[in-house]
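# Tertiary structure, described
Given next are the chains, with one letter for each unit.
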Amino acid sequence: MSHPPSGGAAQPPAAPTPDSASNPPSQSTGDAKNVNAPAAEGAPKLSAAELKKQKQAEKQARRAQAKASGGPPNQQKSPPPKDGQKPTKESKQGPKEDKSKALPVRGRPSQTNVPAPKDIKKEPKKEPKQIGLFFGHLYSQLRQHSMVGATKEVHPAVLALGLQYSSYVVCGSTARMVAMLLAFKAVIESYQTPVGTSLARHLTSHHLSPQIDYLRSCRPLSISMGNAIRWLKDVIIKIDPSTPEAEAKRDLLSEIDTFILQRITAADHLICDNAIDKIRPGDVILTYASSSVVEKLLLRAHKEGTPFSVIIVDSKPLFEGKRLARNLAQHGIKVKYALVTGAAHAVKDATKVLLGAHAMMSNGRLYSRVGTALISMLASSSSIPVIVLCESVKFTERVALDSIVGNEVAPSSELLSESERQALLPFKSCLPKSQSSSKGRDDGKGEKEEGEGEVIGWFEEEKNLQMLQVLYDVTPAEYINMVITEYGSLPPSSVPVVHRLSTNI
Amino acid sequence: MPQGAVTVAPGLSSFLKSLKTTPVEPSVEHFISLLKRRQIRNSRPCAIAATALLLRVVGEFKGRDSAKLVERIRQVGKRLTSAQPREVVVGNIVRRVLGLVREVVEENVDVGTEATSDVGHNSQLQHDSLTRPMLASTISTFSPLKHASAEPTDSSLHQSEAMSDSGELSKRPPFLASHTSYAPASSAPLVNSLFGLFSHPDTPSTSSTPTGHQSPNGKGALTAVNLERLADFSKSNFDLKAEVMDGIRELQDELEQSDDLIAANALDHIHSNEIILTHTASRSVQKFLQAAARKRKFTVVHAETYPHDHTATHGILLTGKKRDEYGDDVDDMWKPLTAAGIQVVLIPDSHVFAIMSRVNKVILATHTVLANGGLVAAAGAHMIAKAAKVHQTPVVVVSGVYKLSPVYPFDIEELIEYGDAGSVVPYEDGDFVDKVDVENPLYDYVPADLVDLYITNLGGHAPSYLYRIVADHYRSEDINL
C-alpha cells in the first residue's frame, strides 16, 4: 500500500524529461494541439463537485508527498482517494492526457517543465508576488482599450476621449485635462436633470462620476485632471438649487471655459513671459520629451529673434519628442535630436535645461515623464541650470519620495515596436529548447500570426522574464533650480505655498 | 523559418576560416577592411581576430632576428589600429604580443647570462638599481601628460636601440641622469638609485620604492651586460618564433577563459535576493550572473540600451546569446538567465533613475577600460553609473584584462564612436532627418570616480589600482605603437 504514493511522487519528475527531450519540434506542435484539445474539452465536463474532489485529491497527494520524507505511517491515508480519482479523470480526458498530466498532479501546469518538482510547487505561489518587480501594487487596474463594459451613462464624447487616452493620441498632462473638460462640456450640454433631483446634487454624483470612472479605466487620471475634477465638482455643488437648469448649465459651461482660459491659456502665456528672458542669445536649450509650455516658449523666443538652438532628448516607446523636434525644425529652429542613451553627450553641449511637468509635488519634487530625473541629474552634476515650466493647476498636495510608490504602469507590450520585433525574429532558431517545446500549443497559434505577434508571445511565455514600463519618475528637488509658474519664478521648496495660494482663491 | 538560416555575412567566423588558407598580407588587408566596415566589432571578436592574425604573422615571419620581428609586428599593429582606432583592444593585443617577444628575448638572454655565474651576479646587482627608475618611468607614462610619454624614456630608448643596433649600447647606462627631467616627482628614489649605480648598496631596502618585484618589468630592464649578450644573441640556437607563438596561444587561451575566470568571482559579489541592474548584451556579464545564479537567487533588471544594442539585449535575454555569435560559438549550449530561475526584468533606459532606488548593485559591461580607471562602455553607461552614484549603489565593472588599455583618455571625444542615425529616426522619415540633427553615440565614457570596483580575470581591483595592472601587462616602450 505504501508503494503507490511513492511511485506517484517519482513519476512526475521523470515524465517531463522524456516529454521535452524526445519530442522533435515538428511533432510537438501537432502533438501539443492534440493534447490540449481534449484538455480543453475535458475541463468543462467536470462538474463542480468533481472539481472539488480533484482538488482535494491533489492536496492530499501533495501532503502525502511532503510526509513521504517524514514518516511512512501517514502515507496509508492518501492512496485511496487518489486511486479513486485517477481512473475517472483518465477516462474522461483520454490516454493522451497522461503525459501532460504529470505536472498537474502537483498543482497548476507550469510552463517550463525542466525545473525540479520542488520548484513547480513553489512557483505558482510566487507568481502573483513577483509581477512587475516592486511595482506590483500598480498592476491592480488593467488598462481598457475598448468601450466594452462602459455603462450606458457614459457620453459618446467621453467614450471617444477614453480611447484617445488609452492609445496616447491625447497625451500630456495639460492636453488630457483640457480634452477632459471639453468632453465634460458636451456632457453637461446634453444633460437633463431627472425629475425629483436638483442639478447640483445629481450631476456630480450620478452623471459625472461614471464618466470619470470610465476615463480612469482607460488610463489613470493625471494630477491636473484630478485638480480640474475637484474644481468642477466644487463649482457644481455651489450652484444655487433655485437657478433654472438652462441657466445653470450655461453658467457651468462658461465657468469651464474661463477655467481653461485662466489656468491653461493665460497661465502658459504668463509662464512664457516669465521665462522668455531666461533664453539668451546663443543658448543651447535641452529639453526632454515634449511639453506644450516648453514648445510655446521656444517658439516665442524664436519669433522674438533670439538665436538659440535646441537639443531634444527622447525616449522609447512614446517618442513624444519627435513631434516637438519636427515642429520646432519647421519653424526654423536648429534642433538636435538624441535618445536618452546619448543623454550624457547631449547634456555636455547644453547651457540650460527646460522641462515640462506632469505635476509638482508638495515636497518640491517634480513628477514627470520617465527619464526626466536622469536628465536633471546629469544637468545638475555638470552645473547646468534646470528650469521647470509648470502651470499651477498641476501642483498637488501629494508628496513623493521615489518613483515607485506612486506611478503609472503601462502595458509592457508597448515596449517592443514593430521593427524591434521584426529584428528579433531570427532568434527563433536559438530559443531555448525548454521554452519552444513547452510552448508547443502557442506555436500553433504563432504560425498563423506569423512574425511580430509571436515575439511578444516569447516574452510573455518566459515566466521569469518580464518587461516593465512605467510612465513617470520623480526628480529630486535638489536637481531643480527654478520652477516657473504663472505666479512667477520660485524655488521648488515654494511649491506647497503656491499650491495653497492658488487653491484658496 | 527562412530567416533562421545562417547568412554568411563576413565577420569573425568567416575571417578566422579564411585565415587558415590565405597568406598573411591579404589576411591583414582583410582584417583591416573588416574593421573599417565594422564587420568585426566589439572587444571580444576584435581581440580574437587580432590574436589569430598575429599568430599567423609571427608564424610566417622569416629569419631569427628579434628586432625585425618586433618591427614587423609593430608595423602590422600600426596598420590595424589606424584602421579602427576606437577598437582599442586591437592595439592592446598588439602590445601584448610585442611585450611577449621582448620577454622571450630577455628570458633567453637571462639564461645566457646565468651560464656565467660571475656576470650573472653582477647583472643581478645592476638589475636592482635599474629597476627602480624603470618603475618611475612607467608611472610617469600614465600621468595626465600622456604626450610626455611619447618622448622616449630612458628604458625605451635603451630597448628600442637595443633591438636595432645593439652593439654600441653598452656605453649608454650613464644616460640615466636624463631621467630626472622626465619624472621630477620621483627624484627621491632616483637619487638613491643613482648612488646605487656607483656604490652598489648592500641592501636595496634603503630606497623608498618596493624592491621585491619580480614582475616581467623586473626582467624587463636590460642591463648593459644583457645588451652585450643581445648582440650575439641572434646567433644562439633558440627558437624565437616557436616561443612567441606559444605565448600567443597562451594569450588566446586567456581570451577564451577570461569570462569564466571573471565568473568565478561572482559568488563573492552577489548575495541572495539582490536586485542587480545591468545593461546591453555582454557575454562577460551574462556568464558572471549565470555563475552566481547556480547558487543564489536574485533579480536582474536589464536596461536595453536602445537604439544601439537592444536587439542583442533582447536576444540575450530570450536565448542567452547574441545573434552575431551565432554559428561561431563553441559553447552553443547557452541558456538564458531565466532558465536558471532568475527573475529578469527588462526596462527601457529611461527607467534607470526610477528603479535605481531599489537596486543593490550595478554591473556594467565595458568596451574598453582605460589606464586611469575610467571606461568606455555602451551608451547609457554614464547615466547608469551616475544614477548609481547618486543613490549610493555600488558600481561593478566586469572586464577581461585584454580590454585594459594603456591609453590615457586625454581627449574623451576621440574614443566615442557615433553610430547610424537611422536607427534613432529611420531615414524614411526624410522630412525629419532633413531638418533635425540626429545623433546616435554608441559609447559613453564613464569616469573612474563613478566606478567602485573592477572585476577582471585576475580578480577584483579598485579603479585606482588599474594603472598597476596596465604596467604589468604592457611594456612601456610599446605604449606608442
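Residues numbered from 1 in each chain as written. Chains lettered and ligands numbered in written order. Predicted model: local features only at pLDDT ≥ 70, side-chain atom pairs only at ≥ 80, totals over all residues. Heavy atoms only, no water.

## Some details on the overall build of chain A
Defined as follows: Here a helix means four or more residues in a row that DSSP labels H or I, a strand means two or more in a row labelled E, and each is numbered from the N terminus. Only protein chains enter the calculation, and the probe is 1.4 Å; a residue is then buried if its accessible area is under 20% of its type maximum, exposed if over 50%, and partly exposed in between. Here, two residues are considered to be in contact whenever any of their heavy atoms come within 4.5 Å of each other.
For chain A, the count of helices and strands is 21 helices and 11 strands. Buried residues in chain A amount to 53% of all 505 residues. Counting contacts in chain A only where the partners sit at least 6 residues apart, residues at least 24 apart contribute 80% of the total.

## Thoughts on the overall build of chain B
Within chain B one finds 20 helices and 11 strands. Across the 481 residues of chain B, 58% fall into the buried class. For chain B, the proportion of contacts with a sequence separation of at least 24, taken over those separated by at least 6, is 79%.

## Re the pairing of strand 9 (residues 472-475) of chain A
Successive side chains on a regular strand alternate, one facing one side of the sheet and the next facing the other. Residues and elements named next belong to chain A. Defined as follows: Pairs of strands are assigned from DSSP output, requiring at least two bridges between the strands.
Residues Tyr472 and Val474 point to one face of strand 9 and Asp473 and Thr475 to the other, with burial holding for every one of them. Across four bridges, the pairing between strand 6 (residues 366-369) and strand 9 is antiparallel. By the bridge assignment for strand 9, Leu366 is matched with Thr475.

## Structural notes on helix 13 (residues 292-303) of chain A
Residue and element names in this part refer to chain A. Applied cut-off: Helix span, as expected, comes to 1.5 Å for every residue beyond the first.
With 12 residues, helix 13 should cover 16 Å at 1.5 Å per step; its first-to-last C-alpha distance of 16 Å lies within 8% of that length. If you check which residues of helix 13 are buried, you get Val293, Val294, Glu295, Leu297, Leu298, Leu299 and Ala301. Where helix 13 is buried, its residues contact helix 12 (245-276), strand 1 (284-288), strand 2 (309-314), helix 14 (320-330), strand 4 (352-355) and strand 7 (386-389). Positive phi appears at Gly305, one or two residues downstream of helix 13, with a value of about 95 degrees.

## Side note on the interface of chain A and chain B
Applied cut-off: Buried area adds together the accessible area that both of two parts lose upon being put together, with accessible area traced by a 1.4 Å probe. Put simply, a salt bridge is a Lys or Arg side-chain nitrogen that is within 4 Å of an Asp or Glu carboxyl oxygen.
Counting from both sides, the interface comprises 65 residues of chain A and, opposite them, 64 residues of chain B. Carbon and sulfur atoms make up 68% of the surface buried where chain A meets chain B, a total of about 5,600 Å² over both sides. Summed over the shared surface of chain A and chain B, the number is five salt bridges. When the shortest N-O distance is used, the salt bridge between Lys316(A) and Glu304(B) registers 2.7 Å.

## As for helix 2 (residues 24-36) of chain B
Residues and elements named next belong to chain B. Our working rule: The reported arc concerns the directions from the helix axis to the C-beta atoms and nothing else.
Compared with the 18 Å implied by 1.5 Å per residue over 13 residues, the 18 Å span of helix 2 between its first and last C-alpha is a close match. When we look at burial in helix 2, the residues that qualify are Val24, Ser27, Val28, Phe31, Ile32, Leu34 and Leu35. Axial view of helix 2: buried residues confined to an arc of 165 degrees, hence all on one face. Following helix 2 by one or two positions, Arg38 has its phi on the positive side, about 60 degrees.

## Observations regarding the pattern of salt bridges
As enumerated under the stated definition, the model contains 34 salt bridges over all chains in all. Here Asp234(A) makes a salt bridge to Lys238(A), at a shortest N to O gap of 3.1 Å. Placement of the pair is Asp234(A) and Lys238(A) together in helix 11 (residues 223-238), with a separation of four residues, close to one helical turn. On the accessibility criterion, Asp234(A) (39% relative accessible area) is partly exposed. Residue Lys238(A) is classed as exposed on the basis of its relative accessible area of 65%. Glu274(B) is the salt-bridge partner of Lys361(B), the closest N and O atoms lying 3.0 Å from each other. Here Lys361(B), found in strand 4 (residues 361-365), pairs with Glu274(B), found in the loop between helix 13 (266-269) and strand 1 (275-279); they are 87 residues apart in sequence, far enough to count as distant. According to the relative accessible area criterion, Glu274(B) is buried, its value standing at 1%. Salt bridges linked by common partners bring Glu25(B), Glu29(B), Arg72(B) and Arg79(B) together as one network.

## What to know about the sheet that holds strand 9 (residues 443-446) of chain B
Residue and element names in this part refer to chain B. The antiparallel open sheet is built from three strands, whose spatial order is 5-6-9. Single-partner strands in this sheet number two, and they are strand 5 (368-369) and strand 9. The sheet contact formed by strand 5 and strand 6 (residues 375-378) spans two bridges and is antiparallel. In the sheet register, Thr368 faces strand 6, and the bridge partner there is Val376.

## Examining the pairing of strand 4 of chain A
Residue and element names in this part refer to chain A. Across the two faces of strand 4 the burial is the same, with Lys352 and Leu354 and Val353 and Leu355 all buried. Pairing analysis gives three bridges linking strand 4 to strand 7, with the strands arranged parallel. Bridge assignment links Leu354 to a residue of strand 7, and that residue is Ile387.

## Side note on the nonpolar core
Cut-off, in case you're wondering: Nine residue types can take part in a nonpolar core, namely buried Ala, Val, Leu, Ile, Met, Phe, Trp, Tyr and Cys, and a core is a set of them joined through side-chain atoms within 4.5 Å.
Among the nonpolar cores identified, the biggest contains 75 residues, and Phe135(A), Leu286(A), Val313(A), Val388(A) and Val362(B) are the most heavily contacted of them. For Val388(A), the contacting residues outside a window of four places in its chain are Leu355(A), Ala357(A), Met360(A), Leu366(A), Ile480(A), Met482(A), Val483(A) and Ile484(A). Residues Ala47(B), Leu55(B), Val94(B) and Leu240(B) belong to the second largest nonpolar core, which totals 46 residues.

## Remarks on the sheet that holds strand 9 of chain A
Read across the open sheet, the three strands follow the order 5-6-9 (chain A); overall the sheet is antiparallel. The strands lining the two open edges of the sheet, one partner per strand, are strand 5 (359-360) and strand 9 of chain A.

## Notes on the packing of helix 12 (residues 240-263) of chain B against helix 14 (residues 283-293) of chain B
Residues and elements named next belong to chain B. Worth spelling out the cut-off: Where helices are involved, their axes are fitted lines through C-alpha atoms of the stretch in contact, as for all axes, and angles between N-to-C directions lie from 0 to 180°. What sets the label is the angle itself: under 35 degrees gives roughly parallel, over 145 gives roughly antiparallel, 65 to 115 gives roughly perpendicular, and the rest give oblique. Each crossing gets its handedness from the near helix: less than a right angle anticlockwise from the far helix is left-handed, clockwise is right-handed. Amino acids are sorted into nonpolar (Ala, Val, Leu, Ile, Met, Phe, Trp, Tyr, Cys and Pro), charged (Asp, Glu, Lys and Arg) and polar (every other residue, Gly among them).
Following both chains from N to C, one finds helix 12 and helix 14 inclined at 40 degrees, their axes separated by 8 Å at the closest point. In terms of axis orientation, helix 12 runs oblique to helix 14. Crossing hand, helix 12 versus helix 14: right-handed. Taken together, the residues of helix 14 that come into contact with helix 12 (itself represented by Asp259, Asp260, Ile262 and Ala263) are Arg283, Ser284, Lys287, Phe288 and Ala291. The residue inventory of the contact of helix 12 with helix 14, partitioned by class, reads four nonpolar, one polar and four charged.

## Observations concerning the environment of Ser18(B)
All names here are of chain B. In plain terms, the rule: Within 3.5 Å is the distance limit for a polar contact, defined as a pair of N or O atoms, with the added protein rule that one can donate a hydrogen and the other accept it, and that residues adjacent in sequence qualify only through two side-chain atoms.
In this structure, Ser18 sits in helix 1 (residues 12-21). In sequence terms Ser18 and His30 are 12 residues apart; their C-alpha atoms lie 9.3 Å from each other. At 3.4 Å, the side chain of Ser18 forms a polar contact with the side chain of His30.

## Some words on the packing of aromatic side chains
Here a ring pair, both rings aromatic, is described through the centre-centre distance and the interplanar angle of the planes. This is how it is decided: Two rings belonging to Phe, Tyr or Trp (six-membered ring only in the last case) form a pair when the distance between their centres is within 6.5 Å. Interplanar angles under 30 degrees mark stacking, angles over 60 mark edge-to-face geometry, and anything in between is tilted. Only lysine NZ and arginine CZ atoms are considered, and such an atom sits over a ring when it is within 6 Å of the ring centre and within 35 degrees of the ring normal.
Scanning the entire structure with this criterion turns up six aromatic pairs over all chains. Relative to Tyr306(B), the ring of Phe319(A) lies with its centre 6.0 Å away and its plane at 50 degrees, an arrangement referred to as tilted. Here Tyr306(B) lies in the loop between strand 2 (299-303) and helix 15 (310-319) and Phe319(A) lies in the loop between strand 2 and helix 14, a pairing that spans two chains. A relative accessible area of 10% places Tyr306(B) in the buried class. Over the ring of Phe319(A) we find Lys322(A), and its NZ or CZ is 4.6 Å from the ring centre.

## A look at the confidence of the model for chain B
Residues and elements named next belong to chain B. To keep things clear, this is the line we draw: On a range of 0 to 100, pLDDT expresses the predictor's confidence in each residue.
Per-residue confidence for chain B gives a mean pLDDT of 76, with 69% of residues at or over 70. Per-residue pLDDT stays below 50 along residues 1-6; that stretch engages in eight contacts with residues further than four places along the chain or on separate chains. The low-confidence segment residues 325-332 (pLDDT under 50) makes 12 contacts with residues lying over four places distant or belonging to another chain.

## Digging into the side chain of Glu274(B)
For Glu274(B), the side chain forms a polar contact with the side chain of Lys361(B), separated by 3.0 Å. When residues no more than four places from it in sequence are discounted, the contact partners of Glu274(B) are His269(B), Lys297(B), Phe298(B), Thr299(B), Asn360(B) and Lys361(B).

## Section: the environment of Asn265(B)
Residue and element names in this part refer to chain B. With respect to the helices and strands, the residue Asn265 is situated in the loop between helix 12 and helix 13. Asn265 gets classed as buried once you look at its relative accessible area, which sits at 15%. Counting along the chain gives 190 residues from Asn265 to Ile455, while the straight-line C-alpha distance between them is 7.8 Å. With residues up to four places along the chain from it excluded, the contact list for Asn265 reads Phe288, Ile455, Thr456 and Gly459.

## Re the confidence of the model for chain A
Residue and element names in this part refer to chain A. Averaged over all residues, the pLDDT of chain A equals 76, while 68% of them reach at least 70. Low confidence marks residues 68-129, where pLDDT is under 50. Its contacts with residues over four positions away, or in another chain, come to 70 contacts. Here residues 434-449 is modelled with pLDDT under 50, and outside its nearest four sequence neighbours on either side it reaches 25 contacts, counting other chains as well.

## Some details on unusual backbone geometry
Of note, the amide linkage connecting Lys316(A) to Pro317(A) takes the cis form, showing an omega dihedral of 0 degrees. In this fold, Pro317(A) is placed in the loop between strand 2 and helix 14. Looking along the chain, the bond that leaves Tyr306(B) and enters Pro307(B) is cis, with omega of 5 degrees. Within the secondary structure layout, Pro307(B) lies in the loop between strand 2 and helix 15. Backbone geometry at Phe319(A) places phi at a positive 50 degrees, although glycine is not the residue there.

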